[in-house]
Amino acid sequence: MMSEKKKWEANLKAESSKNNIEDLTWISPEGIPIFPLYTKEDLNDLPHLGSIPGDEPFVRGTRTTMYVGRPWTIRQYAGFSTAEESNEFYKKALKAGQQGVSVAFDLATHRGYDSDHERVEGDVGKAGVAIDSVEDMKILFNNIPLDKVSVSMTMNGAVIPVLASFIVAGEEQGVSKSDLSGTIQNDILKEFMVRNTYIYPPEPSMRIVGDIIEYTSKEMPKFNSISISGYHMQEAGANLVQELAFTLADGKEYVNAAIKRGMDVDSFADRLSFFFAIGMNFFMEVAKLRAARLLWHRIMKEFNPKNEKSLMLRTHCQTSGVSLQAQDPYNNIVRTSYEAMSAVLGGTQSLHTNSFDEAMALPTSFSSRIARNTQLILQNETKVTTVIDPLAGSYYIEKLTSDLAEEAWKLILEIDELGGMTKAVASGMPKLKIEEAAAKRQAAVDRGEEIIVGVNKFKPDQETIVDILDVDNIAVRDSQIRRLKQVKKSRNSKTCEEALDNLKKAASSGKGNLLDFAIEATRARATVGEISMAMEASFGRHKAQNRMLSGVYGAAYANDKDFLKIKNSIESFVEVEGRRPRILVVKMGQDGHDRGAKVIATAFADIGFDVDVGPLFQTPAEAAQDAIDNDVHIIGISSQAAGHKTLAPKLIEALNENDASEIIVICGGVIPQQDHEFLYSKGVKAIFGPGTNIPDAARAVLNLIQTNKGRK
């Protein structure tokens, strides 16, 4: 008897010029062949089949009833400006149907600086809420009962002072730490790979992770001690196999670290949680969550837990930020809706849906309401909660689950061979793999091989202007500095100094739990910055090495006539000028999101530019000096966290003060249209927003340099 697949192929030959299955097969970015047809033959020898929801290996979900028993938690990630404004936003959102609070902190807080520090001038209140002390944290949760509302906090670098402030804020609200529920991200390894909001080097950072796991397992039974995050990996360009493998390998490393401290695996494993991004490859994202549960079960079996809950992967998901586009932005509402459905069909425990305007700025109340209601409609109108794991048994989903799991497992074994994730991170392997994947994807978009509606195909006739949230960074910083002065004036200085000194001693001696000492310092009104600096005195502050890929972006354009034409233009420039056009790509302030900067750097280098990449976290004065020292023609500012209105003018001022006004300044990244005129008035010569075609940008930059030289 002819198999289903053979019968289909026979029909195909009669109907189509593409007469075999290989002609119609797509190779995904993960290297997985996606066939046009799946049949029951594809389910042969898949060991995970046959389980039911709530049973090992939990592919079909961690609970027997899943959403039929209780829907996923609607948890919107938000925070902006001051604690007062964020508090009002949270209260309105909870009243409107949000079921938990998820806090976004500003970059100054992430990096352990108080708002009055000179290095955070453009960062305060911009990409999240500014928290300088427990007084800010108390305002943040004013009239939000912390014994009833679950709180998730995305914090890694300054995790000790932030968690201490949360615990003390709960105490002073009358809530015992044992009654606090929620999650602290506390996932430092991924920061060294992608997001870069680290403070200390890897070894002391891992001590901090262990201290928090230990403390919360003893004192906070309702609180998740870590949220192991793949989200930022996908946002930085990782494909789904990389996101799976690196995230789960991070988790394995944290488990090993806790066990080495003498902790029993069952004392903490059921309070570990995960956090994944959900992008636009709909079915693969569904399969990814199922594969994650399968693989985590496989990993945790190695530790021989006695409690079945220690084998379960529970996850929060967030729809993709990088899939959102500034062009034709209302399309983003559709993108987020599809991504949310994908997360739900994959069995997430909680979900955040991004707002359509986040490709341009922080979300407004209007856009946040649409994002939240996307989930409310999913829960209440689509009937998706009436059936448990509705895609189970799908030939495609089950095979894809297996394929993703096995490809990710190969990468996990590669990491094991390196000695685990800490050593892999130190080698730079994960970071380089992610940057290579990001460069390949950007080339595919620029070449039109991957279609982005409204960006490289089906473009609108005219630009859509939407209202955006504009945070007055200067006013917020002034407000925070006033409160900081008041906190320091009203506290007992001797008690505070003693508490900070005890923390320093614990950090340097390696004895005691750092969170314990930080809580005492917080009660004495030590600030986030002071607590961070006390530990930095012993641990130091980590500085990443800059590495740049070459050849990855250019390989996608081999023999492309237009690409070769740009390269020829650069060679003509060299003949005339005696050197290549030289660009310095910089990130200023505390924004560590460097995907855009790295992609631009590798692409421009492949095109023929001489490219320098400045170190992360520069001040405008430092970036200007780098440009002068490297004798560049042009500086490209990469902006993600809305600090451009403060930082770009200061960079131009610094160049002028150093008689280097001939160096051209351009900007790229998340820059709202409404900010363009301001930046141009301050001396910025060009702005390249999200979705910019890189070869087109390279032509424009070369023309700017040539025009500028012609004016001399």
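For the structure, check the block above.
All values derive from a computational prediction rather than experimental measurement.

**Student:** Honestly, the pairing of strand β4 (residues 100-103) in this entry has me stumped. Any pointers?
**Tutor:** One face of the sheet, then the other: side chains in a regular strand alternate in exactly this way. Of the two faces of β4, the one carrying Gly100 and Ser102 and the one carrying Val101 and Val103 are both buried. For the crossover from strand β3 (residues 73-78) across helix α3 (residues 83-95) to β4, the handedness is right-handed. Two strands pair when backbone bridges link them, and β4 and strand β5 (residues 151-153) are joined in this way by 3 bridges, in the parallel orientation. Across the sheet, the residue bridging to Ser102 is Ser152, located in β5.

**Student:** It is not clear to me how the sheet that holds β4 should be interpreted in this structure. Could you clarify?
**Tutor:** As a general point, the strands of a sheet are linked pairwise by backbone hydrogen bonds and lie either parallel or antiparallel. If you walk across this open sheet you meet the 9 strands as β7-β6-β5-β4-β3-β11-β10-β9-β8, and the pairing is parallel. Two strands lie at the open edges of the sheet, namely β7 (223-224) and β8 (226-229), each paired on one side alone. Two elements, strand β9 (residues 272-278) and strand β10 (residues 315-319), share 5 bridges in a ladder whose sense is parallel. By the bridge assignment, Ala277 is partnered in β10 with Gln318. Lying on the sheet, helix α12 (residues 331-346) is in contact with β9, β10 and β11 (350-352); it crosses β10 at an angle near 165°. Helix-sheet contacts for helix α13 (residues 365-380) involve β3 and β11, and the interaxial angle to β3 is about 170°.

**Student:** Mind showing me how you'd approach the packing of aromatic side chains here?
**Tutor:** Aromatic ring pairs are reported here in terms of the distance separating the ring centres and the angle at which the planes meet. Inspection of the entire model under this criterion finds 20 aromatic pairs. Here Phe141 and Phe166 contribute two aromatic rings whose centre-to-centre distance is 5.7 Å and whose plane-to-plane angle is 70°, an arrangement assigned as edge-to-face. With Phe141 in the loop between α5 (134-140) and β5 and Phe166 in helix α6 (residues 159-173), the pair connects residues that are 25 residues apart, well separated along the chain. Here Phe141 matches Phe166 in class, with each residue buried. A ring pair is formed by Phe283 and Tyr396, whose centres lie 5.6 Å apart and whose planes are at 65°; its orientation type is edge-to-face. Here Tyr396 lies in helix α14 (residues 395-417) and Phe283 lies in helix α11 (residues 282-301), a separation of 113 residues in the sequence. Three or more aromatic residues joined by ring pairs form one cluster here, namely Phe35, Tyr38, Phe282, Phe283 and Tyr396. Its end group placed over the ring of Tyr557, Arg447 keeps NZ or CZ at 5.2 Å from the ring centre. When the ring centre of Phe678 is taken as origin, the NZ or CZ atom of Lys645, which lies over that ring, is 5.4 Å away.

**Student:** Help me understand the sheet that holds strand β12 (residues 582-586), please; the structure alone is not making it clear to me.
**Tutor:** The sheet built from 5 strands is open, its strands ordered β13-β12-β14-β15-β16 with parallel pairing. Each edge of the open sheet carries a strand with a single partner, namely β13 (610-613) and β16 (686-688). With strand direction ignored, the average angle separating the axes of adjacent strands in the sheet is 25°. Where strand β14 (residues 634-639) and strand β15 (residues 664-669) come together, 6 bridges link them in parallel fashion. The residue of β15 that forms the bridge with Ile635 is Val665. In the packing of helix α23 (residues 595-607) onto the sheet, the strands contacted are β12, β13 and β14, and the crossing angle to β13 comes to about 160°. In the packing of helix α25 (residues 644-657) onto the sheet, contacts are made with β14 and β15, and the angle to β14 comes to roughly 160°.

**Student:** What is the right way to look at a nonpolar patch on the surface in this model?
**Tutor:** Together, Met280, Val334 and Tyr338 make up an exposed nonpolar region whose accessible area comes to about 290 Å². Judged by its relative accessible area of 48%, Tyr338 is partly exposed.

**Student:** Got a minute to help me understand unusual backbone geometry in this structure?
**Tutor:** Residues other than glycine predominantly adopt negative phi, and peptide bonds predominantly adopt the trans conformation. Look at the link from Glu56 to Pro57: it is a cis peptide, with omega at 5°. Its identity is not glycine, yet Met66 carries a phi of approximately 45°, on the positive side. By the secondary structure assignment, Met66 is in helix α2 (residues 66-69). Its identity is not glycine, yet Asp328 carries a phi of approximately 50°, on the positive side.

**Student:** Please explain the pattern of salt bridges as it appears in this structure.
**Tutor:** Once the charged atoms of two side chains with opposite charge are near each other, the side chains can pair. Tallied over the full model, the rule gives 48 salt bridges. For Arg523, the salt bridge identified is with Glu520, shortest N-O distance 2.3 Å. One end of the pair is Arg523 and the other is Glu520, both in helix α19 (residues 514-523) and 3 residues apart, which spans about a single turn. For Glu520, a relative accessible area of 42% corresponds to the partly exposed category. For the salt bridge of Asp610 with Arg582, the shortest nitrogen-to-oxygen distance reads 3.5 Å. Here Arg582 lies in strand β12 and Asp610 lies in strand β13, a separation of 28 residues in the sequence. Assessed through its relative accessible area of 28%, Asp610 is described here as partly exposed. A cluster of three or more residues bridged by salt bridges with shared partners is formed by Arg60, Arg290, Asp389 and Glu398.

Cut-offs and rules
- Residues numbered from 1 in each chain as written.
- Predicted model: local features only at pLDDT ≥ 70, side-chain atom pairs only at ≥ 80, totals over all residues.
- Heavy atoms only, no water.
- Buried < 20%, exposed > 50% of the residue type's maximum accessible area, 1.4 Å probe, protein only.
- Helix = DSSP H or I, 4+ residues; strand = E, 2+ residues; numbered from the N terminus.
- Right-handed = clockwise from strand over helix to strand, strands pointing away.
- Pairing = 2+ DSSP bridges.
- Contact = heavy atoms within 4.5 Å.
- Axes fitted to C-alpha atoms, helices over the stretch in contact; angles between N-to-C directions.
- Phe/Tyr/Trp six-rings, centres within 6.5 Å; stacked < 30°, edge-to-face > 60°.
- Lys NZ or Arg CZ within 6 Å of the ring centre and 35° of its normal.
- Patch = residues over 30% accessible without salt bridge, like charges linked within 9 Å, V, L, I, M, F, W, Y side chains within 5 Å.
- Areas by Shrake-Rupley, 256 points an atom, 1.4 Å probe, with all protein chains shown as cover.
- Salt bridge = Lys/Arg side-chain N within 4 Å of Asp/Glu carboxyl O.

By themselves, these observations are geometric and do not establish any function.
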